[in-house]
Amino acid sequence: MENTIRPITLNRKNALFAGHDEGGRTWARMASLIETCKLNAINPYAYLRETLTAIAAEHPASCIDDLMPWAFQKPSS
């Protein structure tokens, strides 16, 4: 288990040196999302593309759980 979460922890620690506090927090959030995608066998780029498209298309805030990486439906090829 420790080896599984190590990349997430390392990315958060690296975010401390992002140059600005908010930039570091943003970096840590993005790194956590990307690593969560990897843990769920999801392409991070596809997940972020589809999620940001849904948000731009005014996805309802009441259905935010549908946008989580573990609920992501892989696009059909």
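Residues numbered from 1 in each chain as written. Predicted model: local features only at pLDDT ≥ 70, side-chain atom pairs only at ≥ 80, totals over all residues. Heavy atoms only, no water.

Visitor: Any chance you could explain the pattern of salt bridges here in plain terms?
Guide: Between side chains of opposite charge, a pair can form as their charged atoms come close. Following the criterion strictly, the structure yields two salt bridges and no others. A salt bridge links Glu-35 to Lys-38; its shortest N-O distance comes to 3.5 Å. Note that Glu-35 and Lys-38 are positioned in helix 2 (residues 21–39) at a spacing of three residues, about one turn of the helix. Salt-bridge contacts for Glu-50 lead to Arg-49; the nearest nitrogen and oxygen are separated by 3.8 Å. (Salt bridge = Lys/Arg side-chain N within 4 Å of Asp/Glu carboxyl O. Helix = DSSP H or I, 4+ residues; strand = E, 2+ residues; numbered from the N terminus.)

Visitor: How should helix 2 be read in this particular structure?
Guide: Because an α-helix completes one turn every 3.6 residues, residues spaced three or four positions apart along the sequence face the same direction. In this model helix 2 runs 27 Å from its N-terminal to its C-terminal C-alpha over 19 residues, within 8% of the 27 Å that 1.5 Å per residue would give. Downstream of helix 2 by a residue or two, Ala-41 has a phi angle that is positive, lying close to 55°. (Expected span 1.5 Å × (residues − 1).)

Visitor: How do you make sense of the packing of aromatic side chains when you look at a structure like this?
Guide: Centre-to-centre distance and the angle between the planes together describe a pair of aromatic rings. Scanning all chains against the criterion turns up one aromatic pair. On the numbers, 5.5 Å between centres and 85° between planes, the contact of Tyr-47 with Phe-72 is edge-to-face. Residue Tyr-47 is located in helix 3 (residues 44–56), and its partner Phe-72 is located in the segment after helix 3; the two are separated by 25 residues in the primary sequence. Residue classification places Tyr-47 among the buried residues on the basis of a relative accessible area of 3%. With relative accessibility at 15%, the residue Phe-72 sits in the buried group. (Phe/Tyr/Trp six-rings, centres within 6.5 Å; stacked < 30°, edge-to-face > 60°. Buried < 20%, exposed > 50% of the residue type's maximum accessible area, 1.4 Å probe, protein only.)

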